[in-house]
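Listed here are the chains, written in short residue letters.
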Amino acid sequence: EEWPRLEGGELDPRYDAELLELGDRRNVIDSYRYWTMEAIIADLDEHLKTKTDTLSEFTDNAISELKNALWVLNADEIRLEDVRSKLLNFIKAAAEARENVEFHFTFTIQENYSVDSKWAVSLFRIIQELINNALKYSQATDIWIEAEQVENFFKLVIRDNGIGFDRDVRKSNSYGLTNLKNRVQ
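Residues numbered from 1 in each chain as written. Predicted model: local features only at pLDDT ≥ 70, side-chain atom pairs only at ≥ 80, totals over all residues. Heavy atoms only, no water.

Engineer: Tell me about the overall build of the protein chain, residues and numbers included.
Structural biologist: Within the protein chain one finds 5 helices and 5 strands. Ordered by position from N to C terminus, the α and β elements of the protein chain give α-α-β-α-β-β-α-β-β-α. Against the 2.2 N^0.38 benchmark of 16 Å for 185 residues, the protein chain shows a C-alpha radius of gyration of 25 Å, more extended than a compact globule. If one aligns the C-alpha atoms of the protein chain with their principal axes, the spans along those axes are about 80 × 35 × 30 Å. (Helix = DSSP H or I, 4+ residues; strand = E, 2+ residues; numbered from the N terminus. Rg over C-alpha atoms; globule rule 2.2 N^0.38 Å.)

In structure tokens, the structure reads:
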């Protein structure tokens, strides 16, 4: 039987030559059959590290979401400056997570009005959703978030230099654009 070899023809170092010659009667899952104990441990350690990193990221996101929920629950109204500050924190976290993406954020306030907390949450979620989508799908290297309060109006422009998408082609399991439209209304 032909055993796994590297490009140069030598035996893959994860495999134990003695086990390959005599057979492996250990009680291990098939994907580790004939592997050295060191290789099995190293592979399991790598899988464990990946799982731990994923769990840590999930936990950090959950804590962040909880903080954002508490921010809103504690007030009927929120000042525009507070909205700007929360958005800036979210964008800074996104920038740290994606060093290959440059974020350009402006949030111009003429007068630091108090706004309804539901409106503030909707604005935050819209920006969060658009940034997350740009990071996940667009392959962008630059993302611009431009928010501007002019008198009683609020203008928001979010754009990126990514690959774009066809709005007429909708995924059956995706509600992102519908959710965004509902939040805007």
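Engineer: Explain the packing of aromatic side chains to me, and be specific about the residues and the numbers.
Structural biologist: Under the defined criterion, the tally for this structure stands at 6 aromatic pairs. Plain terms: the ring middles of Tyr15 and Trp35 are 6.2 Å apart, the flat faces sit at 70 degrees to each other, and that makes the pair edge-to-face. On the criterion of sequence distance, the pair formed by Tyr15 in the segment before helix H1 (17-22) and Trp35 in the loop between H1 and helix H2 (37-73) is long-range, its members being 20 residues apart. Trp35 matches Tyr15 in its accessibility class, with the two residues each being buried. (Phe/Tyr/Trp six-rings, centres within 6.5 Å; stacked < 30°, edge-to-face > 60°. Buried < 20%, exposed > 50% of the residue type's maximum accessible area, 1.4 Å probe, protein only.)

Engineer: For unusual backbone geometry, give the residues involved together with the corresponding values.
Structural biologist: Glycine aside, the phi torsion of most residues is negative, and most peptide linkages are trans. Notably, Gln139 is not glycine yet its phi reads approximately 60 degrees, a positive angle. Mapped onto the elements, Gln139 comes out in the loop between helix H4 (117-138) and strand E4 (142-150). If you check the backbone angles, Glu151 has positive phi at about 55 degrees while not being a glycine. As for its placement among the helices and strands, Glu151 is situated in the loop between E4 and strand E5 (153-160).

Engineer: Give a detailed account of the sheet that holds E4, specifying residues and quantitative values.
Structural biologist: Strand order across the open sheet formed by 3 strands is E2-E4-E5, with mixed pairing between neighbours. The open sheet has two edge strands, strand E2 (102-108) and E5, and neither has a second partner. Within this sheet the neighbouring strands show an average axis-to-axis angle of 5 degrees, counted without direction. For E2 and E4, the ladder comprises 7 bridges, and the chain directions are parallel. Residue pairing in the sheet places Phe103 in a bridge with Ile143 of E4. Docked against the sheet, helix H3 (residues 80-97) engages E2, E4 and E5, running at close to 180 degrees with respect to E2. Across the sheet, H4 is in contact with E2, E4 and E5; its angle to E5 comes to roughly 10 degrees. (Pairing = 2+ DSSP bridges. Axes fitted to C-alpha atoms, helices over the stretch in contact; angles between N-to-C directions. Contact = heavy atoms within 4.5 Å.)

Engineer: I'd love a proper account of the environment of Glu129, names of residues and values included.
Structural biologist: Checked against the element boundaries, Glu129 lands in helix H4. Separated by 34 residues in the primary sequence, Glu129 and Ile163 have C-alpha atoms spaced 17 Å apart. With near-sequence residues (within four places) excluded, Glu129 lies in contact with Gly176 and Leu180.

Engineer: Would you mind going over H4 in detail, with residue names and values included?
Structural biologist: Along its 22 residues, H4 runs 30 Å from first to last C-alpha, staying within 8% of the 32 Å computed at 1.5 Å per residue. Buried within H4 we find Ser117, Ala120, Leu123, Phe124, Arg125, Ile126, Ile127, Gln128, Ile131, Ala134, Leu135 and Ser138. The opening residue of H4, the one whose side-chain oxygen lies 2.9 Å from the backbone nitrogen of Lys118, is Asp116. Looking one or two residues beyond H4, the residue adopting positive phi is Gln139, at roughly 60 degrees. (Expected span 1.5 Å × (residues − 1). Polar contact = N/O pair within 3.5 Å; in protein donor to acceptor, adjacent residues only side chain to side chain.)

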